[in-house]
Amino acid sequence: MSTTTKAVDMQIPLGAQHISLLEPVKFTFTTQNEKIVDVGSDVGFVHRGVEHACSSKFEFKQVGFVVARICGLCAITHSMCYTAGVEKLLDAQVTQKAKYLRTLLIELDRIHSHMLCLSHTCENAGFEAMFMSLMGDREPVMGLQEAITGNRVQFDYITIGGVTREFDAQTAQKIIQVLGQTQKKIEGYIEEFQNNWSLSKKFEGIGALSPEGAYEYNAIGPLARACGLQVDVRNGLDYLPYKEVGFTTITQTGGDIHARNMVRLYEILNSIKMCRNIVEGLPEGEIQTKVRGKPQGEVITRLEAPRGELMYYLKGENKKVLDRVRIKTPTFATIPAMIEIFKGQDYADAPAILASFDPCLSCTAK
Amino acid sequence: MFKLKNFRKRSLWILHYNAGSCNGCDIEILACLGPTYDLERFGVLNRGNPKQSDMLLITGPVTYRSRERVVELFTQMPEPKVVVAVGSCTCTGGVFSGMYNVEDGVDKYIPVDVYIPGCAATPEYIIDGVLKGLELLEHKSKEIVKPKKLFKKLSFHKDHIDRRGIAGKVGENDGKD
Ligand code: SF4
């Protein structure tokens, strides 16, 4: 065949509504014979205006519950990050027990969020049975969250000054038991993800990002850790006792879809270990302390959400309503890296790559 | 003679669209389709294709940019169809009501048959709602249901209704905005 055919740029849209997407986002891929050469993205479909409402309509005591509604998957990280900021402004003291309970819930949330992402990856790889099995094994964790907080998704558990509930010995027993079960299951999945062709070999080298690229394009969260970068906000947090409960940073090398999956799986194991340590070593004490006053000054807080670093900037002027609430969400920061990864990949791999980022558009657009 | 109605009752296909929700209700819908709650035992399948779906599960308070898409998806679905609004913010705007970029509730744009409350709506509620919608579907006719806003004239293509592009652009038809 002659090779003089001119390569034609084709534009293929993905979204706003697409079967492999949970949320509306629109990507426009420019392709040349199946290869993606350029990507445009449009993420604003779910913009609601939460930031503005937080600094005009709601009082600072209510905002913690409003920001939780930015994202259902990392609701608790949003309210925690906000509450930590307000507590710093108010100079509030939180008991050790409340801190432990907060950490417990954040880690449980991470477990279920990562499991959802992994099952989504399986679905996009065409492995429906694995999707179902992961979804099934995720339910006991959701059950735990319901047992502790009273709700499956929107916990509204963290308030300024502490947490709303504590659990009894019976629930503690159940938590330990379910965590043990889940750990066994996850160990099985690790083996499956490493050896099953449709999950590992197929994905090796696909959607890869080099450590330099990750650094340059500001990758965070599992995306950066899959490239071998030691990026985890939990390392240096002063308001949550991560050091005491046995946190370790998980990294992998390769930076491809496979490595991202492995980071998530090992992080689940680490989270399970932390949760167990928390339940077994829960300190005595009150769960709520009274907090007085109105926020005054500026503060920046950070927290590691399941998808990467979450950052809040708060500014108060000694009024009931805050002056400014600025939220920087993980997916927003990873978009440049995402676009870089897409370039040069096959179009057919696009949904799988997209799922491996675990993007959260309702976070991004707020 | 096929009794199409009977078949439809046992094989409901749903279309799910997120019109600005927080994902909370979306993951609960996903959990419903998973093995624990197993909505599939009623023959319910999630297919992201409006032209083959009987039920529109919609979440979120309808942001300004998703309005046209909601109406477009709704008009592309063939009758009979039911619309189920999942979650408090879909029914009334919920916590987002009054924010500058949202409409309070999806029923300003399209007629809703079943409202499921809860923030987030629990899987049990969602299953109940979907089954309720299934009951309603039996009594629906093939008559064309019009969305409440953003609706252009029906155009015909060789006796068939041409469903593409029926949804108007925001600001074209309704005086508001
Ligand atoms: S009802 Fe609540 S949980 Fe459901 S989408 Fe709306 S804000 Fe999220």
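Here is a short report on the structure shown in this document.

Rules and cut-offs
- Residues numbered from 1 in each chain as written.
- Chains lettered and ligands numbered in written order.
- Predicted model: local features only at pLDDT ≥ 70, side-chain atom pairs only at ≥ 80, totals over all residues.
- Heavy atoms only, no water.
- Helix = DSSP H or I, 4+ residues; strand = E, 2+ residues; numbered from the N terminus.
- Rg over C-alpha atoms; globule rule 2.2 N^0.38 Å.
- Buried < 20%, exposed > 50% of the residue type's maximum accessible area, 1.4 Å probe, protein only.
- Contact = heavy atoms within 4.5 Å.
- Areas by Shrake-Rupley, 256 points an atom, 1.4 Å probe, with all protein chains shown as cover.
- Near = heavy atom within 4 Å.
- Pairing = 2+ DSSP bridges.
- Axes fitted to C-alpha atoms, helices over the stretch in contact; angles between N-to-C directions.
- Buried area = accessible area lost by both parts, 1.4 Å probe.
- Salt bridge = Lys/Arg side-chain N within 4 Å of Asp/Glu carboxyl O.
- Polar contact = N/O pair within 3.5 Å; in protein donor to acceptor, adjacent residues only side chain to side chain.
- Core = buried A, V, L, I, M, F, W, Y, C linked by side-chain atoms within 4.5 Å.
- Expected span 1.5 Å × (residues − 1).
- Phe/Tyr/Trp six-rings, centres within 6.5 Å; stacked < 30°, edge-to-face > 60°.
- Lys NZ or Arg CZ within 6 Å of the ring centre and 35° of its normal.

Let us now look at the overall build of chain A. Check the secondary structure of chain A and you find 12 helices and 8 strands. Whereas a compact globule of 366 residues would reach a radius of gyration of roughly 21 Å, chain A reaches 21 Å, a difference of no more than 12%. With respect to the three principal axes, the spread of C-alpha positions in chain A is 80 × 45 × 35 Å. Relative to its 366 residues, chain A shows a buried fraction of 59%. Considering only residue pairs separated by 6 or more positions, chain A has 70% of its internal contacts joining residues 24 or more positions apart. Here chain A has roughly 14,200 Å² of accessible surface; of this, 49% comes from carbon and sulfur atoms.

Further remarks concern the overall build of chain B. Within chain B one finds 5 helices and 7 strands. Along chain B, helices (α) and strands (β) appear in the sequence α-β-α-β-β-α-β-α-β-α-β-β when read from the amino end. By residue count, 52% of the 177 residues in chain B fall in the buried class. In chain B, the share of contacts with a sequence separation of at least 24, taken over all contacts with a separation of at least 6, comes to 78%.

So, about the site of the ligand. Within the structure, the ligand sits among Arg69(A), Gln154(A), Ser21(B), Cys22(B), Cys25(B), Gly87(B), Ser88(B), Cys89(B), Phe96(B), Gly118(B), Cys119(B) and Ala120(B). One chain alone does not account for the residues near the ligand; they come from chains A and B.

Let us now look at the environment of Ala129(A). When you line up the elements, Ala129(A) lands in helix α5 (residues 128-149). Between the alpha carbons of Ala129(A) and Pro222(A) there is a distance of 25 Å; along the sequence they are 93 residues apart.

All right, on to the sheet that holds strand β1 (residues 13-18) of chain B then. Residue and element names in this part refer to chain B. The sheet built from 5 strands is open, its strands ordered β2-β1-β3-β4-β5 with parallel pairing. Edge positions in the sheet fall to β2 (45-46) and β5 (114-116), since each of these pairs with one other strand and no more. As defined by bridge partners, β1 adjoins β2 across 2 bridges and the pair is classed as parallel. Bridge pairing in β2 links Ile14 to Asn46. Lying on the sheet, helix α2 (residues 24-33) is in contact with β1, β2, β3 (55-59) and β4 (82-86); it crosses β3 at an angle near 140°. Contacting β3, β4 and β5, helix α5 (residues 123-138) runs over the sheet at an angle of about 180° to β5.

The next subject is the interface of chain A and chain B. For an interface, size is often stated in terms of accessible area lost upon the parts coming together. Contact with chain A, which involves 39 residues of that partner, is made by 40 residues of chain B. Buried area between chain A and chain B, both sides added, is near 3,200 Å², and the carbon and sulfur share of it is 63%. Counting across the interface, chain A meets chain B through 1 salt bridge. Glu28(B) is paired through a salt bridge with Arg152(A); the nearest N and O atoms lie 2.8 Å apart. Linking chain A to chain B there are 3 residue pairs in polar contact (both at pLDDT 80 or more).

Residue and element names in this part refer to chain A. Inspection of every chain in the model, using the stated rule, returns 11 salt bridges over all chains. In this structure, the salt-bridge partner of Arg324 is Glu51, at a minimum N-O distance of 3.5 Å. Here Arg324 is found in strand β8 (residues 324-328), whereas its partner Glu51 is found in helix α1 (residues 50-54), with 273 residues between them in sequence. The exposure class assigned to Arg324 is partly exposed, which follows from its relative accessible area of 34%. A network of salt bridges, in which partner residues are shared, links Glu51, Arg324 and Arg326.

This brings us to the nonpolar core. Residues Leu104(A), Tyr312(A) and Phe342(A) are the most contacted members of the largest nonpolar core, which totals 145 residues. Among the elements that line this core, the one with the most residues is helix α4 (residues 96-124) of chain A, at 11 residues. Ignoring anything within four residues of it in the chain, the contact list for Leu104(A) reads Ile148(A), Phe167(A), Cys275(A), Ile278(A) and Val279(A). Judged by nonpolar contacts, the second largest core, of 18 residues, contains Val62(B), Val70(B), Met77(B) and Val106(B).

To continue, consider helix α6 (residues 169-195) of chain A. Owing to its 3.6 residues per turn, the α-helix brings residues three or four apart onto one side. Residues and elements named next belong to chain A. Taking 1.5 Å of rise per residue, 27 residues should cover 39 Å, and α6 covers 40 Å from first to last C-alpha, within 8% of that figure. Residues Thr171, Ala172, Ile175, Val178, Leu179, Thr182, Ile186, Tyr189, Ile190 and Phe193 constitute the buried set of α6. Buried residues along α6 sit in contact with α4, α5 and α9 (257-280).

Another point: the packing of aromatic side chains. Think of a pair of aromatic rings as described by two things: how far the centres are apart, and how the planes are tilted against each other in angle. Here the structure, examined in full by the defined rule, presents 1 aromatic pair over all chains. With a centroid separation of 6.5 Å and 65° between ring planes, the pair formed by Tyr82(A) and Tyr312(A) is classed as edge-to-face. Linking Tyr82(A) in helix α3 (residues 75-90) with Tyr312(A) in strand β7 (residues 308-317), this pair joins segments that are 230 residues apart in sequence. The residues Tyr82(A) and Tyr312(A) share a single accessibility class, namely buried. Against the face of Phe74(B) rests Lys81(B), its NZ or CZ located 4.1 Å from the ring centre.

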